[in-house]
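What follows is each chain in one-letter form.
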Amino acid sequence: MEPSRSQYERESVQRYARDVRPHLPADVFRPTPGRLLWLPVHLAVVVAAGAVVVLGAPPWTVALACAVVAGHSWGCLGFLAHETMHHAVTRSRAVEKLVGYAGFGIYCLSPTLWVAWHNQAHHGQTGKPFADPDGFGTLRFWEKSRVVRVLETFAPGSRRVRSALFLFVWFSVHSLLVLVFHSERNGYYARVSRRTVYAESAGMLALWAGVLALVGPWSFLFVYVVPVLVANAIVMSYIATNHFLNPLTETNDPLANTLSVTAPRWLERLHLQFGYHVEHHLFPTVSGRHGPAIREVVRRLYGDRYLTMPHTRALRLLYTRPKVHEGHDVLIDPRTNARFAVLAPGDVSMPRLA
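This structure is a prediction, so every number in the text was calculated from the model and none was measured.

Definitions and cut-offs
- Residues numbered from 1 in each chain as written.
- Predicted model: local features only at pLDDT ≥ 70, side-chain atom pairs only at ≥ 80, totals over all residues.
- Heavy atoms only, no water.
- Core = buried A, V, L, I, M, F, W, Y, C linked by side-chain atoms within 4.5 Å.
- Buried < 20%, exposed > 50% of the residue type's maximum accessible area, 1.4 Å probe, protein only.
- Helix = DSSP H or I, 4+ residues; strand = E, 2+ residues; numbered from the N terminus.
- Contact = heavy atoms within 4.5 Å.
- Salt bridge = Lys/Arg side-chain N within 4 Å of Asp/Glu carboxyl O.

**Side note on the nonpolar core**
Of all hydrophobic cores here, the largest spans 67 residues; its most connected members are Tyr107, Leu109, Phe166, Phe171, Met236 and Leu259. Of all elements in the fold, only helix H2 (38–56), helix H3 (60–84), helix H4 (93–104), helix H5 (111–124), helix H8 (166–185), helix H9 (194–243) and helix H14 (311–318) reach the threshold of two or more residues within this core. Examining the composition of this core, we find that 18 residues originate from one element, H9, more than from any other. If we skip the residues at most four places from it in the chain, Tyr107 touches Trp74, Gly75, Phe171, Ser172, Val228, Ala231, Asn232 and Val235. The next biggest cluster of nonpolar side chains, apart from the first, holds 17 residues, and it includes Tyr16, Val20, Leu255 and Val297.

Written as structure tokens, this is what we have:
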């Protein structure tokens, strides 16, 4: 019988990286500038779809189809920006910032803020209560904060009708929360320029306000509103499954606090292998294209301590399990006190606890 997760001594991400790295070829750790070819491809899709809507004045069904296609490309641009700003694609900071604007512009998310939020805070404190900005935290936090209690009702697993909106809006909402709340509480502006963050955010907002004034409300619905909903859903379908089902950890242990999800190979390539998320947390500056190679080594070294499941199964679990932690290893519905186990080695069923 496998021991429970709480019986495993947590290891640090640095320890895993030292163990795994010697088993990987040197080219895994080199930049992959070829990924930048996705930038003009997806920008061309976005521009072409917008042109059809604005210049062609098509029926709403055609406009909706164009908006969905554009939204998917915006989501893919977000994956590209994420990888590029981890220094996995190029060593040019100017190119990184340009790709960051392209990938995060639809969310009005400052690339400078993203570095402090994601690269530094999230990767540095993954799964740690209060310190990691990407989670709903503990029952104690839920009880103390009225804001968290309200936001949690939108979360998958809250069993509220409004939770159906979560995937479609949460990346945008969370970006705003980080800008006005997390950044102040967690001292992000001690590491990045507040003026730069505000200027970038305001510039993106002004851009979309200009688009609205130029094309009018009806076209704007299909040029921005529907695409941003689709883009949110694409990226959040991964982000939410990467960590929300896992235990909280005081030690940053990606084999405990992170889940990798699988999909058909063509879809994994289209989404830049973002689902290889344990692998990404082991080596954040390595391109997702090397995720399969890293996975082979991790599985060989650590067996079923490596957590993975199909993306569709992870999404089903996401909507049947609460998002608030009681302690570190139990998920609890704060309104019914129903308790569920977090993901554990060799067990992806997450049983309900008595």
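**A word on the pattern of salt bridges**
Overall, the coordinates contain ten salt bridges when judged by the stated rule. Here Arg15 and Glu11 are joined by a salt bridge, their closest N and O atoms 3.6 Å apart. On the basis of relative accessible area, Arg15 is assigned to the partly exposed category, the value being 37%. Taking the relative accessible area as the measure of exposure, Glu11 reaches 24% and is therefore partly exposed.

**Details of unusual backbone geometry**
Unusually for a residue other than glycine, Ala57 sits at a positive phi of about 45 degrees. Mapped onto the secondary structure, Ala57 falls in the loop between H2 and H3. For Ala57, a relative accessible area of 65% corresponds to the exposed category. Residues other than glycine seldom take positive phi values, yet Arg159 does so here, at roughly 65 degrees. Tracing the backbone through its elements, the reader meets Arg159 in the loop between helix H7 (146–152) and H8.

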